[in-house]
Amino acid sequence: MLRWRSAFPTTLCSTLILGACPLPSTAQSNQGAQRFVEYCAACHGADARGGDKGPSLLSPVSVAASDDDLIRVIHDGTSQGMPPFAQIGNTNIAAVIHYLRVLQGTAAGSTGSESSIPGNPAAGQDLFFGKARCFTCHMMQGQGGFIAGGLTNYGRNRTPQAVLHAILSPDDPLIHSSRVVNVTTSAGQRITGVLRNEDAFGIDVQTEDGRFHMLPMSDVSDIQHTDHSLMPSDYATRLTSKQLNDIVSFLIVSARDSNKSTRQGN
Amino acid sequence: MTGKLSGVSNQRVQHRPAQSAREHLLFSCLLALLLPACVHAQTGTTKPVEPHGPSHQDQKLGEIQVQQTDLLQKTPAANWVSYNGDYSGKRFSSLREITPENASHVTAQWVFHPHTVSPLEVTPLVVAGVMFVTSANDAYALDARTGKVLWHHTYPISSGLVDDAAQHHNRGVGILGTSIYMETDNAHLLCLDARSGSLIWDVPYANGNRNYGATSAPLVVKDEILVGTSGGDDGVRGFLAAFDAKTGKEKWRFWTIPGPGERGHESWPSDLYLHGGGTTWMPGTYDPELNTLYWGTGNPAPDYDGSVRPGDDLYTSCLLALDPDTGRLKWYFQFSPHDLYDYDAVQTPVVVDANFKGIEHKMIVTANRNGFLYILDRTNGRFLFAKQFAIEQNWAKGIDPNGRPISAGLTPDENGVSVCPANGGATNWYSSSFDPLTHRFYFRSYEACAVFRAKTESFEEGHAFYSTGAEVVPQTGHSYINAFDLDNLDFSWRDPLIGSYKGWGGVMSTETGLIAYGDDALNFVIADGRTGKPLWHFNVGQLVHASPMSYAIDGKQYFAIAAGSDVFSFALP
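Residues numbered from 1 in each chain as written. Chains lettered and ligands numbered in written order. Predicted model: local features only at pLDDT ≥ 70, side-chain atom pairs only at ≥ 80, totals over all residues.

**Considering the overall build of chain B**
Worth spelling out the cut-off: Per the convention used, a helix needs a DSSP run of H or I reaching at least four residues, while a strand needs a run of E reaching at least two, with both numbered from the N terminus. Every C-beta atom is placed from the backbone, and the number of other C-beta atoms within 10 Å of a residue's own sets its class: buried at 20 or more, exposed at 12 or fewer, partly exposed in between. Residues are treated as contacting if the C-beta atoms built from their backbones sit within 7 Å of each other.
The secondary structure content of chain B amounts to 4 helices and 38 strands. The 573 residues of chain B split such that 60% are buried. Looking at chain B alone, contacts between residues at least 24 apart form 60% of all its contacts between residues at least 6 apart.

Below, the structure is given as structure tokens:
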């Protein structure tokens, strides 16, 4: 089976499906995505929503920061403990900022307005819980599986282009904690699952039944890291352009509605 | 190990097993037809209940599934499935690996730094080697052997809150089936999938007054989730509410401040009942055999100006006995009627079955913030015994035969009046512990006095509702760890804690006679419960502002404690 991204360049696919939407900086965005995963995601999370060591970069303060401010922070680090990244070079810094703006939903060309939603959210919902079978692994507003990330708030602050890209090229970039690994234990047991954590001393793998296999390296004889997550990479051939746009629209519109319903009250 | 592959031939070699794994996993996902995780939670209720035996022996490491039998366990062993470990609230572990003989060899295993808020007030839960902790509104699943993150659910902290909730404290999760439950700072109840951290539902449960917040850990009883709020110093109306574990639908709500026409409403003129406090900001306890919840309520509001709330101010500073199925009040016991000194009664009401003056009794034992330790008959709320443990105490002349304090008449006014215990109480929310083998009740106490001032003020949303303030008298302030012997109704020992900090660390005990607590000098301590003598300590470098727990993986016993902005785990080498 051919993987989608080896058949068509992502830029072409995005342009085809979203119609006349110009994406002059997609190459820069892709480079930024890779650099972001490489340098930033370990602390700030692959989606920039914050991680164990670094704050969310989708906060109002980060969104409001100018590009010059961000360049300075990335270049010099902060007194709160973020190390300087001057060594990655100005081109990479610019690419990271460009990608961050996409994640923040503030990149040039990205809008959150109703008119920019490319498809029919209701039809997308039917596909999500039906033919496309997204729900088997992803939870959406309380319905669905657990082996992949919950998507209830996924579409918040994401552009249709970014969501589509994630569906068509789920492993670009490949998030470390989504990588499928094959582990052989010292006792000869073979475990295939999703890598949740790994260091030089141990590995945590979650199998399809939800069980976490938490193994010290002394109990492991072999680890094979694949280059992909569990997400199928052939949605471009399984679904039509219209269907893909419908799912993208469902993810974005429902996250917006979820935003309204969960943050109200006191 | 391979990273991103560049060579085409290499890529093919790597892809074959990978693709088949992907297909296998997807196929299994489809087979499972993955209903919402909270529906799975219900399957546990159909299994036979065996509260006495060690439950879930066939549970595999890393397999999260909490059944009613696990929640009904009388004493925690490898798993710690609720805030206090079990429904009784005695915070006593049956693990036996660490003993008075080997405790000196205990060493640090790992530190987890969630990076969100300080100090952490969480008690971790552990199921099948997976630990669940909260920090502000964030939840984490950790490999309990290494402290490494398995998943992390983020939820933004709220702005515009007041008082305790504005500090985003959170004391942890409840668990049932494959779901965990937590409160957020702005009083939402979240249901998350325990295997992924994915949000299943989010129910805001305290509306109409933005001074409501939440800091507690939910209690899971049968198929319902019990939650309360903070804000008792800020003019909210307290309540305890039960939500369906599966759907998040509200089942019942008991208001701790009576509304118009209800008994006790006469203390709350005009609309003051809407601002009377009596919040339920700590988890309660539960007796499955009597089918009764025991839940403490906080101080009345306004805190120091009692002139506007005549009478006893029901049901503030009370212990409530409630029917978990309906929320009906079975009985109540009020420790501090018409409280004027911020003496919340939310300290854990520990369910104890023991001999009292020659007769087996079903009791509640609790050390109250007002400076007295109480024993009640939990079948009917009858007062059995009180003992003053605060060395300096002047607000009451004593306790009458019905358990009602005899007031010394110290009323806060504009000039101020000196009262002991201080507004922080002679003890507080940090855990107490009961050892059913030695019949010792362990708890932390604090000696201090404060000058209380009062001035009539109006309630205002967005502001606290103390109606002026309290100031701790300089040169007071000493902490003790106490061991109260239920057999002879007196203290076995009382040890002053050495150190320059005011600690907020709870106490736990274990079947080998150990106790563990955070002291007043930034140490986590394991001591001999018979004598109080410290056997081991570790400088965690931060004040312990939480209560400890113990768990085991493959027979290896661990102690865990939140301190400052970190969670620590300890075990034998």
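Now that the structure has been shown, the text picks up again.
**Some details on the overall build of chain A**
For chain A, the helix and strand inventory stands at 10 helices and 7 strands. Considering chain A as a whole, with its 266 residues, one finds that 47% of them fall into the buried category. A sequence separation of at least 24 residues applies to 63% of the contacts in chain A between residues at least 6 apart.

**Considerations on the environment of B:Thr438**
Residue and element names in this part refer to chain B. Tracing the backbone shows Thr 438 in the loop between strand S26 (433-435) and strand S27 (440-447). Thr 438 sits in the partly exposed class, given 17 other C-beta atoms within 10 Å. Along the primary structure Thr 438 and Ala 144 are separated by 294 residues, whereas in three dimensions their C-alpha atoms are 30 Å apart. With residues near it in sequence (within four places) discarded, Thr 438 still touches Gly 513 and Gly 529.

**Notes on the nonpolar core**
To be explicit about the condition: Core membership is restricted to buried Ala, Val, Leu, Ile, Met, Phe, Trp, Tyr and Cys residues, and these are joined into a nonpolar core through C-beta atoms within 7 Å. Note: domain ranges come from an automatic or database domain assignment.
Formed by 223 residues in total, the largest nonpolar core has its most connected members in B:Val130, B:Phe132 and B:Ile175. Per-element accounting of this core gives the leading share, 8 residues, to helix H6 (residues 90-103) of chain A. No fewer than three residues from each of domain 1 (23-103) and domain 2 (180-225) of chain A sit in this core. Residues contacting B:Ile175, with those up to four places away along its chain left out, are B:Val66, B:Val81, B:Leu125, B:Val127, B:Phe132, B:Ile180, B:Ala194 and B:Val220. Formed by 5 residues, the second largest nonpolar core is a distinct cluster that contains B:Trp268, B:Leu272, B:Tyr273 and B:Val308.

**A few points about the environment of B:Asp164**
Residue and element names in this part refer to chain B. Mapped onto the fold, Asp 164 is located in helix H4 (residues 163-166). The class of Asp 164 is buried, set by 21 C-beta atoms lying within 10 Å. For the pair Asp 164 and Val 133, spaced 31 residues apart in sequence, the C-alpha separation works out to 19 Å. Ignoring anything within four residues of it in the chain, the contact list for Asp 164 reads His 169, Gly 213, Thr 215 and Ser 230.

**Notes on the pairing of strand S35 (residues 534-539) of chain B**
Residues and elements named next belong to chain B. Inclusion rule: Between any two strands, pairing holds if DSSP finds at least two bridges.
Both strand S34 (residues 523-528) and S35 contribute to a ladder of 5 bridges, which runs antiparallel. Looking at S35, one finds that Val 525 is bridged to His 537. Between S34 and S35, which pair antiparallel one after the other, the connecting turn spans 5 residues, and Gly 532 there sits at a positive phi close to 85°.

**Observations regarding the packing of helix H5 (residues 67-76) of chain A against H6(A)**
Residues and elements named next belong to chain A. Definition in use: Fitted lines through C-alpha atoms give the axes, limited to the stretch in contact for helices. The angle between two N-to-C directions lies from 0 to 180 degrees. For classification, angles of less than 35 degrees are called roughly parallel, those exceeding 145 degrees roughly antiparallel, those between 65 and 115 degrees roughly perpendicular, and all remaining angles oblique. What makes a crossing left-handed is the near helix being turned counterclockwise from the far one by less than a right angle; a clockwise turn instead makes it right-handed.
Taken N-terminus to C-terminus, the directions of H5 and H6 make an angle of 125°; their axes are 10 Å apart at the nearest point. Taken together, H5 and H6 sit at an angle that is classed as oblique. Relative to H6, H5 is oriented so that their crossing is right-handed. Note on element contacts: H6 touches H5 through Ile 93, Val 96 and Ile 97, opposite Asp 67, Leu 70, Ile 71, Ile 74 and His 75.

**Considerations on the sheet that holds strand S15 (residues 285-287) of chain B**
Residue and element names in this part refer to chain B. Strand order in the open sheet formed by 4 strands is S15-S16-S17-S18, with antiparallel pairing between adjacent strands. In this open sheet, the two strands that pair with only one neighbour each are S15 and strand S18 (329-334). Across the sheet, the mean angle from the axis of one strand to that of its neighbour is 20°, orientation sign disregarded. In this structure, strand S17 (residues 318-322) lies alongside S18, joined through 5 bridges in antiparallel fashion. In the sheet register, Ala 321 faces S18, and the bridge partner there is Trp 331.

**Some details on the sheet that holds strand S1 (residues 92-93) of chain B**
All names here are of chain B. In space, the 5 strands of this open sheet follow the order S1-S32-S33-S34-S35, with mixed pairing throughout. On the outer flanks of this sheet lie S1 and S35, each paired with one strand and no other. Pairing of strand S32 (residues 507-510) with strand S33 (residues 514-518), which is carried by 3 bridges, proceeds in the antiparallel orientation. Considered in S33, the bridge of Met 508 is made with Ala 516.

**Concerning unusual backbone geometry**
The omega angle of the peptide bond from A:Asp172 to A:Pro173 is 0°, so this bond is cis rather than trans. Mapped onto the secondary structure, A:Pro173 falls in the loop between helix H8 (160-168) and strand S3 (180-185). With an omega of 0°, the peptide bond running from B:Ala301 to B:Pro302 counts as cis. In this fold, B:Pro302 is placed in the loop between strand S16 (292-296) and S17. In this model, B:Ala128 sits at a positive phi of 55°, which is unusual for a non-glycine residue. Mapped onto the elements, B:Ala128 comes out in the loop between strand S3 (125-127) and strand S4 (130-135). With 20 C-beta atoms counted inside 10 Å, the residue B:Ala128 sits in the buried group. Residue B:Asp342 is not a glycine yet carries a positive backbone phi of 65°. For B:Asp342, the position within the fold is in the loop between S18 and strand S19 (350-356).

**Describing H6(A)**
Stated precisely, the cut-off is as follows: By this rule, a helix spans an expected 1.5 Å times one less than how many residues it contains.
Between its first and last C-alpha, H6(A) extends 20 Å over 14 residues, near the 20 Å set by a 1.5 Å rise per residue. Burial within H6(A) is extensive, with 10 of its 14 residues counted as buried.

**Overview of helix H7 (residues 121-128) of chain A**
Applicable threshold: By construction, the arc corresponds to the directions joining the helix axis to the C-beta atoms.
For H7(A), the complete set of buried residues consists of A:Pro121, A:Gly124, A:Leu127 and A:Phe128. With its buried residues spanning 110° around the axis, H7(A) presents them on a single face.

**Here's the deal with the confidence of the model for chain B**
Residue and element names in this part refer to chain B. Quick reminder of the rule: For every residue, the pLDDT score states the predictor's confidence, bounded by 0 at the bottom and 100 at the top.
Looking at chain B as a whole, the pLDDT averages 91, with 90% of positions reaching at least 70. Across residues 1-21 the pLDDT falls below 50, and counting only partners more than four positions away or on other chains, this stretch makes 20 contacts in the model. For residues 27-55, every residue scores under 50 in pLDDT, and the model assigns this stretch 64 contacts once sequence neighbours within four places are set aside.

**Topic: the confidence of the model for chain A**
Per-residue pLDDT for chain A averages 81, and the proportion of residues at 70 or more is 81%. Of the regions scoring below 50 in pLDDT, residues 1-24 of chain A engages in 40 contacts with residues more than four places distant in sequence or in other chains.

**Describing the environment of B:Asp435**
Residues and elements named next belong to chain B. As for its position among the elements, Asp 435 is in strand S26. For Asp 435, a count of 23 C-beta atoms within 10 Å gives the class buried. Spatially, the C-alpha atoms of Asp 435 and Ile 64 are 28 Å apart, while their sequence positions differ by 371 residues.

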